[in-house]
Structures are given as structure tokens and as C-alpha cells.
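Descriptive structure summary
Single-letter residue listing:
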2 protein chains.
Amino acid sequence: MQPPLAGLWTPSATPFHADGSINTGRLIEHCKSLLADGSTGLAILGTTSEANSLTVGERRLIIDACADAGIAPERLIPGTGATALEDAVALTRHAGELGCAGVLLLPPFYYKKVSDDGLFAFVAQLIERVGAKVPRVLLYHIPPIAVVGWSIDLVGRLIEAFPGVVAGMKDSAGDFDHVVEMIETFPGFAVFPGAERHLLQGMQAGAVGCISASANVNARGIADLIRHWREPDAARRQDHANAIRNAVESRGLIPSIKAVLAARYGDEGWQAVRPPLTALNADTRRELLADPAITELLETVPA
Amino acid sequence: MQPPLAGLWTPSATPFHADGSINTGRLIEHCKSLLADGSTGLAILGTTSEANSLTVGERRLIIDACADAGIAPERLIPGTGATALEDAVALTRHAGELGCAGVLLLPPFYYKKVSDDGLFAFVAQLIERVGAKVPRVLLYHIPPIAVVGWSIDLVGRLIEAFPGVVAGMKDSAGDFDHVVEMIETFPGFAVFPGAERHLLQGMQAGAVGCISASANVNARGIADLIRHWREPDAARRQDHANAIRNAVESRGLIPSIKAVLAARYGDEGWQAVRPPLTALNADTRRELLADPAITELLETVPA
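This is a predicted model, so every value here is computed, not measured. (Residues numbered from 1 in each chain as written. Chains lettered and ligands numbered in written order. Predicted model: local features only at pLDDT ≥ 70, side-chain atom pairs only at ≥ 80, totals over all residues.)

1. A word on the overall build of chain A
Check the secondary structure of chain A and you find 13 helices and seven strands. Seen through its principal axes, chain A has C-alpha atoms that stretch 50 × 50 × 40 Å. For chain A, the proportion of contacts with a sequence separation of at least 24, taken over those separated by at least 6, is 69%. (Helix = DSSP H or I, 4+ residues; strand = E, 2+ residues; numbered from the N terminus. Contact = placed C-beta atoms within 7 Å.)

Okay, structure coming up:
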């Protein structure tokens, strides 16, 4: 029995060794810390994880490293999207065989202005080829980065064609109206806003939780907001989460998150990103760590 | 001794079997036909080849299939770009070890608004990690699809840092002024317009040739235009090439090219594309094949 798709699923950042290879030891330490801090589960291999800067073999390695470290597969929603259908099939099948809670599926993002029919065919062939053990599929809608997105019409077709399989969405369109439209158009569809900025409003509107990059540094705050959104101090919790979000987003989201994690875990190596991303320069890093929201965070949430 | 980077390099379309796997027999037949029709060489694994819809293993298979079929590596410029540096390294190294004329390098195209420093680091690490046998690198500039592009400033930095390695560009910006700017800014840099629409003007301005999708159906016409651009009837050749280009481009470039190849080779299987692309519907295909430019082409350039 799979758990409901709800709560905070953190897209864990990926630490690298000095030679550029994945530091699975640091990764597992971080993943366990995120769970201890209140993450319902881990949306490993997302945009924040630099998943598209990893080979398919490395992506598989990360899924296996989590499972091997004793993280229950029901707590994992790996990103398995790829421009090549066969790669998406291989990763999705692997996640399904392990028993993961679901997968987060980017549309194939190389060609632009592709038709809904072409995207439908991609998902249909994926589900068919993965076969009996296909996990629940959450559509990953992030047009600011992938450019290609899942249209409302296409989402409706997919839910109708694959009931119980196409089960939700991470909505990173950056447009709260779109979150509300998804929730209202598709009752029972698990809609996760892709950031916490309007999370309280989102929960009020019927969102099931959140999948947000900045949960890497503020899992506790965001998880608390999801858990206590009906309580009187929810607006204060939202403001507090937004202050932390602003501090990392305004300076480059992924490198800033990694700079905070470097400080939190006391490991400079955490700052490394793979190209084409670049680590924060020393000045920006200093500013970031001196931001009151981050200073407070590092004092109150030690490793 | 590598041949000069010049002439017509055709980005061969990729035929698939009914089960979706690559039809290497049909591919080799097509590649040899393109060379017989006047292509200087083959820019295999480009956008038209659906390279990003193939796994890294399949991309390697296509390079090897060409070499195994007796196509000289000096006639191959494979596309080796990828969002994951390690994949680009593996493919570029393989091309270098085989002795390919060069590689065509997409920028890592998942993250958007990345810095020139990040893209520089991607190329620098690629060249360093491939090592001694690094082939010449042609930058593949196609912002309408990849969104991420190679800025003029970055191209200058790369040429300066890697003289003789960063050797040229396929410019598919779709902006003739940009082609001229590249030629004028970087003397000795091999600039290939990414389509033949302004090829005559491009040759007059100093372009070295062309790398164009529609050469899959009109290699002879485009090769002749490149060879005879100084002659009085060059404008007529340009108009003729444009008529063919218009016929395929206006109906969806890649599926239209494959529909023409299906007719040319008498093999319906040639129409298959991988999702998210879709094959032409029957009506559009009929219109395309009834277009005077295509009718004439199929009569005068039999398989």
C-alpha cells in the first residue's frame, strides 16, 4: 500500500567530490537529515539535484544508494524524465521495481513547440513499456526551465487515459493562478506547488503539500507550515519561510542552497556544482551567510 | 591530416524499425546516398537525427555503424552535446579516437539563463577530459530549440583558450545578420549557416558551407549551390533550394523530411519519429508530396 501523495517531498541537492563524482556518503547524510527535519519523503533527482547534469547510470546509482542506506522506497519520488524515452523507461522501471512512491516526470525538453499528441505518446509509451510495476507518475511542470510544459488539456487526457497512474503534478510554473487552476480542474489530482512562496494559500485552495528546492535548507519550516496551515500563526510561518526562500533565490537558487549546506555541514565541498552551473563567488556567499534569515537558520537548525 | 571544415555536411535523419529501434541498414543506405549526392560529409546525430531522443548507447551505435560500413571517419562530424558533461565527454572521446573530422557541440540545454562562465567551464572540462585525441569542436548554436546559446563574447573566449580545437560553428539562430557577425568577428573560424535559405549571401560573406536539415532531401542541390556560388546561375540555384526548403519546413521540418525519404526509398517505415515528435498525418503528407518542388525532386533524384 503506497502512502498518499502529500506533505513535503524535498528535492535533495547532490554533493560532489573534488573530482566531480557524486559523494554518496554526504548525500545520504543529507537525505536522512531532511527526513529527520520533517520531510515526508525525498523527490530525489530533480532540478535542484542537478539530475540532468548526471548520466543515467549516476541517476540509478543515487536511487540505489538511498535504498541501500535504508531509506524506504515509499519515501522516494525520483525524477525519471529524459529527452530520450528509453532513458525515462529504464529509470521509471527501476523506480517501480524498487517500490518507490512515484516518479516525477519532466516532459522531453529538447524540442520546443511540440504537440500535445507527441507528449501524450511519450507518456503512453513510457507507461506501456514500463509495464505492470509502473509507479505513480507525477507530471513535472516547470516551463521557466524546461520550456516544454504539460498543458491543462493534456493533463486531462493523461488522467483519463491512465487513472491512478498519472496521479499528480509538481507545478513550478511560478504562477499561483496556475496551481489553483490545476486543483480546481482535476479533483483528486495531487497538486504540489513547486515552491513555498504561496504555500499557505495553496493549502487553503487544496494543494496536497509542496516540493521545493529551498526545503533543502528549510525542511523543518516548510514541513511545519504544511502540518499547521490551519492554525492562527500560519501566516507568520509563511513569512518566515519566504524570508529564507528570498535569501537563496535572489542569489542563484541551487548554488545558494549548496553554500548554505556547506556551512551547515561544515564541508566546503558541498559548494561544488556541475557545469553549466557555477558556485557562488566569495562575496555573494558572504552576503548570503550574513543574511539574517540564513544566520538564524544556521543557528537554529544545526546538522 | 584532417580535411578543411567546409562544404555540405548533412545531418542525416535516423530511420527506425516498427518497434522503435534504429534501422542501421536504412541509415547506412541513406548516408551513402547523401555522400553520393555531393555531401562533403555527414553531421550525424544532430537535431534532425533526433539525437536527443536517442540514448548515449544508441548515439555511439550510430557512429560505429557508419565507421563499420566503410564511411571514412574524416567524413563524420557527430553531435556529441548533452546536458550531462560526462555523456558529452564519452561521445566526444569516442569520436576523437575514431578520427572524426570534428564534433558538433550543443551547449548543455536544460538550465536556462546560465552564465557564460558556466558554459565556458563545460567546454573547458570537456576538452581537458577528452585529452590528447580531442577532435575539432564546432559549436552548435540553435537558440530556437536549445534556448541556451553561445554568445559572441563566449565564442571569442573559447577560440582564444582553445585555438585549433574550437574551430567553427553551426549557426542555426535563424538570423542571417548573426551569421555575418560571426564571420566578421572571427576570421578563420568555420561558420556554417544552419540552413540554406540565405546560403548564397552567406558564401559571399565568407561562410564555409552549410549544415542543413533539408540536405537530407536536397543534398545535390545544396552541394551544387556551394560549389557554384560564384557562377551566374547561383541565384536560380538558391531559389530552387528555397522552394524545397519551404515545402518541408512549412509542414514540420523533421517529419516532412522523413515523409519525403519514405517516398524516395519506397519504405513507409522511414516516416517513424520518436516522441515527442509526431509523423505527418495522411492529409499533410499528401499535400507535401504533391508540392511541385517535392514532386520534381522525387522525379529527378531517385534513390
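2. Examining the sheet that holds strand β5 (residues 166-171) of chain B
All names here are of chain B. If you walk across this open sheet you meet the four strands as β3-β4-β5-β6, and the pairing is parallel. The sheet terminates laterally at β3 (103-105) and β6 (190-193), the two strands that pair on one side only. On average, adjacent strands in this sheet sit at an angle of 25° to one another, irrespective of strand direction. As defined by bridge partners, β5 adjoins β6 across four bridges and the pair is classed as parallel. (Pairing = 2+ DSSP bridges. Axes fitted to C-alpha atoms, helices over the stretch in contact; angles between N-to-C directions.)

3. Here's the deal with the nonpolar core
Counting residues in hydrophobic clusters, the biggest one holds 193 residues, and the most contacted among them are Leu138(A) and Leu138(B). Among residues more than four places away in sequence, those in contact with Leu138(B) are Ile77(B), Gly102(B), Val103(B), Leu104(B), Leu105(B), Ala167(B), Gly168(B), Met169(B) and Lys170(B). (Core = buried A, V, L, I, M, F, W, Y, C linked by C-beta atoms within 7 Å. Buried ≥ 20, exposed ≤ 12 C-beta atoms within 10 Å, placed from the backbone.)

4. Let's talk about helix α7 (residues 176-185) of chain A
Residues spaced three or four apart along an α-helix face the same direction, because each turn holds 3.6 residues. Residue and element names in this part refer to chain A. Listed in full, the buried residues belonging to α7 are Val179, Val180, Met182 and Ile183. Within α7, the buried residues cover an arc of 160° as seen down the axis, which keeps them to one side. Residues of α7 that are exposed and point more than 90 degrees away from the buried face comprise Asp177 and Glu184. (Arc of directions from axis to C-beta.)

5. What to know about unusual backbone geometry
Residues and elements named next belong to chain A. Residue Pro276 is reached from Pro275 by a cis peptide bond, and omega for that bond is 20°. Position of Pro276 among the secondary structure elements: in the loop between α11 (253-265) and α12 (282-290). Positive phi is not limited to glycine here, since Leu45 has a value of about 70°. Relative to the assigned elements, Leu45 resides in the loop between β2 (41-42) and α2 (56-68).

6. As for the relation of the copies chain A and chain B
Taken as rigid bodies, chain A and chain B are interconverted by a rotation of 180° and an axial shift of 0.0 Å, the fit giving an RMSD of 0.0 Å. A rotation of that kind, with that shift, is consistent with a two-fold axis. For chain A, the minimum C-alpha distance to the rotation axis belongs to Tyr110(A) and amounts to 4.0 Å. Both copies present the same face, since 100% of the interface residues in chain A are matched by interface residues at the equivalent positions in chain B. (Least-squares fit on C-alpha atoms with pLDDT ≥ 70 in both.)

7. As for the interface of chain A and chain B
Across the contact, 29 residues belong to chain A and 29 residues belong to chain B. Those elements that place two or more of their residues in the side of chain A that touches chain B are α3 (85-98) and α4 (116-130) of chain A. The element best represented in the side of chain A that touches chain B is α4(A), accounting for six residues. In the side of chain A that touches chain B, the residues fall into 16 nonpolar, eight polar and five charged. (Nonpolar A, V, L, I, M, F, W, Y, C, P; charged D, E, K, R; others polar.)

8. Looking at the sheet that holds strand β7 (residues 209-210) of chain B
All names here are of chain B. The strand order β2-β1-β7 describes an open sheet built from three strands, whose pairing is parallel. Where the open sheet ends on each side, the last strands, each with one partner, are β2 (41-42) and β7. Strand direction decides the pairing type here: strand β1 (residues 7-10) and β7, joined by two bridges, are parallel. Bridged to Gly7 within β7 is Gly209.

9. Some words on the pairing of β5(B)
Residue and element names in this part refer to chain B. By the criterion of burial, β5 is predominantly enclosed, with six of the six residues buried. Of the strand pairs in this sheet, strand β4 (residues 137-141) and β5 are connected by five bridges, and their pairing is parallel. Residue pairing in the sheet places Leu139 in a bridge with Met169 of β5. At this point the chain moves from β5, through helix α7 (residues 176-185), to the parallel β6, and the crossover so formed is right-handed. (Right-handed = clockwise from strand over helix to strand, strands pointing away.)

10. Re helix α4 (residues 116-130) of chain B
Residue and element names in this part refer to chain B. With 15 residues, α4 should cover 21 Å at 1.5 Å per step; its first-to-last C-alpha distance of 21 Å lies within 8% of that length. The complete set of buried residues in α4 reads Gly118, Leu119, Phe122, Val123, Leu126 and Val130. Each buried residue of α4 lies within a common arc of 135° when the element is viewed along its axis, so the set occupies one face. Where α4 is buried, its residues touch α3 (85-98) and α6 (152-161). Looking one or two places after α4, you find Gly131, whose phi comes out positive at around 85°. (Expected span 1.5 Å × (residues − 1).)

11. Comments concerning the packing of α2(A) against α3(A)
All names here are of chain A. Remark: α2 packs on α3, axes separated minimally by 10 Å, with the N-to-C direction vectors making an angle of 10°. As far as their axial angle goes, α3 and α2 are roughly parallel. Between α2 and α3, the residues in contact are Val56, Arg59, Arg60, Ile63 and Ala67 and Asp87, Ala90, Leu91, His94, Ala95 and Leu98, respectively. When the residues that make up the contact of α2 with α3 are grouped by side-chain class, the tally is seven nonpolar, one polar and three charged. (Parallel < 35°, antiparallel > 145°, perpendicular 65-115°, else oblique.)

12. A look at the environment of Arg197(B)
All names here are of chain B. By the element assignment, Arg197 lies in the loop between β6 and α8 (199-205). Among the residues examined, Arg197 registers 20 C-beta atoms within 10 Å and is labelled buried. Residues Arg197 and Val180, 17 residues apart in the sequence, show an inter-C-alpha distance of 14 Å. Aside from chain neighbours lying at most four places away, what touches Arg197 is Asn242 and Arg245.

13. Some remarks on the environment of Gly202(A)
Residues and elements named next belong to chain A. By the element assignment, Gly202 lies in helix α8 (residues 199-205). Given 25 C-beta atoms within 10 Å, Gly202 falls into the buried group. On a C-alpha basis, the gap between Gly202 and Phe176 in space is 7.8 Å, while along the polypeptide they are 26 residues apart. Once residues lying within four places of it in the same chain are set aside, the contact partners of Gly202 are Val179, Pro193 and Ala207.

14. Let's talk about the environment of Gln201(A)
Tracing the backbone shows Gln201(A) in helix α8. Spatially, the C-alpha atoms of Gln201(A) and Phe176(A) are 8.8 Å apart, while their sequence positions differ by 25 residues.

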